[in-house]
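Here's the letter readout for the chains.
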Amino acid sequence: MIVSPCKSGRIDPVWNDLFKNVNTDIPIVIVTKHEDYVFNDELLKLDKWILVCGVEYGWDFPFENFGVGTHIWGESNLETFGFKGQEWNNFNQFVFENKPVIFFKRELVKNGYMPSNYYPINYPCWYDIPETQSKEEFDSRPIKANFIWGLSHEYRKTLHAEIWQRSGEFGYVVCDNISNIVPFIQKEDNPNKWVTANVPWYARHDMNIITSVNTLSKISISIAGAGRHCFRHSESPMASVMFLWDDGIKYSYPWVNNVNCIMSKKGDELETIMRALNNPNLYEIYKAGVENCRKYHIDTYTKDYIGKIINGI
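Only a predicted model underlies this, so the values are computations on that prediction, with no experimental measurement involved. (Residues numbered from 1 in each chain as written. Predicted model: local features only at pLDDT ≥ 70, side-chain atom pairs only at ≥ 80, totals over all residues. Heavy atoms only, no water.)

Trainee: Please explain helix H5 (residues 154-165) as it appears in this structure.
Mentor: Between its first and last C-alpha atoms H5 spans 17 Å; for twelve residues at 1.5 Å apiece the expected length is 16 Å, and the two agree. When H5 is considered as a whole, its buried residues turn out to be Tyr155, Arg156, Leu159, His160, Glu162 and Ile163. Buried residues along H5 cover an arc of 165° about the axis, so they all sit on one side. (Helix = DSSP H or I, 4+ residues; strand = E, 2+ residues; numbered from the N terminus. Expected span 1.5 Å × (residues − 1). Buried < 20%, exposed > 50% of the residue type's maximum accessible area, 1.4 Å probe, protein only. Arc of directions from axis to C-beta.)

Next comes the structure, spelled out in structure tokens:
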């Protein structure tokens, strides 16, 4: 049973879809951040319960600057993490007085204090994952790297601009419209092809198209959005080597630099990707990344990760 922390009954549909088929009799409370929150008094009737925190703290929230690491419900100072008002205080007090048996948390910072019953929760992969290609097929992919993005983080604009600006320096050509990818591949003589395209929320492409672009690309870039962890972290590695920031977030199944993904600090994206494209082990990184992504597939993730944690209580 999924229970809303809000008096209105509001439940974030994405996290609801992830947990609605979890086999448990323990009530699951899913909390996300919104402005008109009003505490649900029905929570006071709960005894044994599970808290799922899908909160995004903002596109550039500096966890490390506060020296407190993860936001711990029932313990942390709410205003530090952007929660204001008595209604949120009521929820925080409820958690303090009625500790959940399990906390699943999206923005779980690796370093610093973390209670023993806190577990990372990540967006699952909702789509069919293509079969892993052979090394010959992977090596012959026509696109070196793609960056398909929405505007949920200001730095995404910066990286898009830098990919264009430094194309002459690194010697690659750029396509910035997904609709032009086929003629781009066919007509451009330069074999070093990159794609960077802004896809706003009101003009989404079918996921099959995005997956197809990944199957044509060696590397797919996924950096932070409104939270450090975003949807693309389970989409990019479906069929490409995922590039992501070394963001300090704990993942259910770890992403490890030069093992199953490519990582860098913010600001070192292009240099890191250019080195990775010359890495003789890039194909092995690709295979390991796809296998890690399979663990995040909705069916497997619900049963083998979430279910095992809950059933282990």
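Having seen the model, we can carry on.
Trainee: When you look at the sheet that holds strand E6 (residues 143-149) in this model, what are you seeing that I'm missing?
Mentor: Strand pairing in a sheet relies on backbone hydrogen bonds, with the paired strands running either antiparallel or parallel. With respect to topology, six strands assemble into an open sheet ordered E7-E8-E6-E9-E10-E11, the strand pairing being parallel. Each end of this open sheet is capped by a strand with a single partner; those strands are strand E7 (173-175) and strand E11 (262-264). Recorded for the sheet is a direction-independent mean angle of 20° between the axes of neighbouring strands. Here three bridges tie E6 to strand E9 (residues 217-221), and the two strands are oriented parallel to one another. Among the inter-strand pairings, Ala145 is bridged to a residue of E9, identified as Ile219. Against the sheet, H5 contacts E6, E7, strand E8 (193-198), E9 and strand E10 (241-245), and its axis sits at roughly 150° relative to E6. (Pairing = 2+ DSSP bridges. Axes fitted to C-alpha atoms, helices over the stretch in contact; angles between N-to-C directions. Contact = heavy atoms within 4.5 Å.)

Trainee: Just checking my understanding: could you explain the packing of aromatic side chains for this structure?
Mentor: Two aromatic rings are characterised by how far apart their centres lie and by the angle between their planes. For the structure on display, the rule yields 35 aromatic pairs. Following the ring pairs from residue to residue traces out a cluster consisting of Tyr37, Phe39, Trp49, Tyr57, Phe61, Phe63, Trp73, Phe81, Phe83, Trp88, Phe91 and Phe94. (Phe/Tyr/Trp six-rings, centres within 6.5 Å; stacked < 30°, edge-to-face > 60°.)

Trainee: Please clarify how empty space enclosed by the protein should be interpreted in this entry.
Mentor: Rolled over the atoms, a probe as big as a water molecule pinpoints where empty space is left. Here the structure, examined in full by the defined rule, presents two cavities of 30 Å³ or more. For the largest cavity, the calculated volume is near 40 Å³. Taken together, Pro5, Cys6, Arg10, Ile11, Asp12, Ile30, Val31, Thr32 and His34 form the lining of the largest cavity. Partitioning the lining of the largest cavity into residue classes produces five nonpolar, two polar and two charged. In this structure, the second largest cavity spans a volume of roughly 30 Å³. (1 Å grid on protein atoms, 1.4 Å probe; cavity = no way out; pocket = protein on both sides within 12 Å on 5 of 7 lines; lining within 4 Å. Points joined across faces, edges and corners; volume = space filled by probe spheres on them. Nonpolar A, V, L, I, M, F, W, Y, C, P; charged D, E, K, R; others polar.)

Trainee: Just to check I follow, could you spell out the sheet that holds strand E5 (residues 118-120) for this structure?
Mentor: Spatially, five strands are ordered E1-E2-E3-E4-E5 in an open sheet, and the strand pairing comes out parallel. At either end of the open sheet lies a strand with only one pairing partner, and these are strand E1 (2-3) and E5. Pairing of E1 with strand E2 (residues 28-31), which is carried by two bridges, proceeds in the parallel orientation. Counterpart to Val3 in the pairing with E2 is Val29. In this fold helix H11 (residues 298-311) packs onto strand E3 (50-53), strand E4 (102-105) and E5, with an angle of close to 145° to the strand it touches most, E4.

Trainee: Even after reading the chapter, I still don't get unusual backbone geometry, so can you show me in this structure?
Mentor: Leaving glycine out, the prevailing phi sign among residues is negative, and the prevailing peptide bond configuration is trans. Positive phi values are uncommon outside glycine, yet Asn258 reaches one of about 65°. Mapped onto the elements, Asn258 comes out in the loop between E10 and E11. By relative accessible area, which is 44% here, Asn258 ends up partly exposed.

Trainee: Looking at this model, I keep getting lost on the environment of Asp128. Mind explaining?
Mentor: Tracing the chain through its elements places Asp128 in the loop between E5 and helix H4 (135-139). Expressed as a C-alpha distance, the spacing of Asp128 and Tyr202, which sit 74 residues apart in the sequence, is 24 Å. Apart from residues lying up to four places away in sequence, Asp128 is in contact with Met238 and His297.

Trainee: How do you make sense of the side chain of Ser217 when you look at a structure like this?
Mentor: The topology assignment puts Ser217 in strand E9. For Ser217, the contacting residues outside a window of four places in its chain are Arg141, Ile143, Asn146, Ala239 and Ser240.

Trainee: Looking at this model, I keep getting lost on the layout of surface pockets. Mind explaining?
Mentor: Each pocket or cavity is described by its volume, and for the largest pocket that value is around 980 Å³. For the lining of the largest pocket, the secondary-structure elements that each account for two or more residues are helix H1 (13-19), E6 and helix H8 (207-215). Residues of the lining of the largest pocket, tallied by class, amount to 18 nonpolar, ten polar and ten charged. Taken as a whole, the second largest pocket holds about 230 Å³ of empty space. What lines the second largest pocket is a set of 13 residues, and nearest its centre among them are Arg228, Trp245, Asp246, Asp247 and Lys266. Residue classes in the lining of the second largest pocket are distributed as four nonpolar, two polar and seven charged.

Trainee: For this particular structure, what's the right way to read helix H3 (residues 86-97)?
Mentor: Quick reminder: α-helices carry 3.6 residues per turn. Residues three or four places apart thus point the same way. Here H3 contains twelve residues, and its C-alpha end-to-end distance of 16 Å stays within 8% of the 16 Å for a straight helix at 1.5 Å per residue. Residues of H3 that are buried: Trp88, Phe91, Asn92, Phe94 and Val95. One face of H3 carries all of its buried residues, which in axial projection span an arc of 155°. Exposed positions of H3 whose direction lies more than 90 degrees from the buried face are Gln86 and Glu97. For H3, the secondary structure elements touched by its buried residues are E2, E3 and E4.

Trainee: Teacher, can you tell me more about the pairing of E3 here?
Mentor: Taken residue by residue, a regular strand's side chains alternate between the two faces of the sheet. Here E3 shows two buried faces, one formed by Ile50 and Val52 and the other by Leu51 and Cys53. Bridging between E2 and E3 involves four bridges; their strand directions are parallel. The partner of Val31 across the bridge, within E3, is Cys53.

Purely spatial values, then, with no claim about function.
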